[in-house]
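Fold and contact review
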Amino acid sequence: MNIMKKLIFLLENILKKINLTLLFLLIFTLYGLEIKSKERWLLDKTLSTITFEVPVLLSKNVKGEFKEIEGLVEIDLKKKQNNKALFSVNTKSVDINYTKYKDLLLSDIFFFSSEYPLAVIDTKKFSYINEK
């Protein structure tokens, strides 16, 4: 009778391990399908720019471009929701047409680069009508 209890205990443990293994396989399979339904694009720094223009009274506008940029866009192809985009710039990497205004632009009046050297734009959700 003692051997029978051990066999039953052993079979129960084996079944629990099989059930756990099947559960993990199911979770990983579903997670893998979810990953495949999303498409992620990284920002191509050779093709992309982040620029700005600040109006100046009685003069030409200050135009600038950030040289150090990063970013990605993630689109859910199936559900077409929970899309996101994340972009960042190093504020000190700014190049402007009026170099005499660069210190002012990096000061606490505009970018406050000493306190915030990285500017981030994070869209939590956005939608699009067609893929073009």
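Structure: see above.
These lines cover the structure that appears in this document, whether it is placed above or below. Predicted, not measured: the structure shown is a model, and the values here were computed from it. (Residues numbered from 1 in each chain as written. Predicted model: local features only at pLDDT ≥ 70, side-chain atom pairs only at ≥ 80, totals over all residues. Heavy atoms only, no water.)

It is worth spelling out the side chain of E74 at this point. As for its placement among the helices and strands, E74 is situated in strand β4 (residues 69-76). On the accessibility criterion, E74 (9% relative accessible area) is buried. In terms of polar contacts, E74 uses its side chain to reach the side chain of R40, at 2.7 Å. With sequence-adjacent residues up to four places away left out, E74 is seen in contact with K38, E39, R40, N83 and K84. (Helix = DSSP H or I, 4+ residues; strand = E, 2+ residues; numbered from the N terminus. Buried < 20%, exposed > 50% of the residue type's maximum accessible area, 1.4 Å probe, protein only. Polar contact = N/O pair within 3.5 Å; in protein donor to acceptor, adjacent residues only side chain to side chain. Contact = heavy atoms within 4.5 Å.)

Attention shifts here to the pattern of salt bridges. Enumeration according to the criterion identifies 3 salt bridges in this entry. For R40, the salt bridge is made with E74, and the minimal N-O distance between the two is 2.7 Å. Highlighted residues: R40 in strand β1 (residues 38-42) and E74 in strand β4, separated in sequence by 34 residues. On the basis of relative accessible area, R40 is assigned to the partly exposed category, the value being 48%. For K45, the salt bridge is made with E70, and the minimal N-O distance between the two is 2.5 Å. With K45 in the loop between β1 and β2 (50-54) and E70 in strand β4, this pair connects stretches of sequence that are 25 residues apart. (Salt bridge = Lys/Arg side-chain N within 4 Å of Asp/Glu carboxyl O.)

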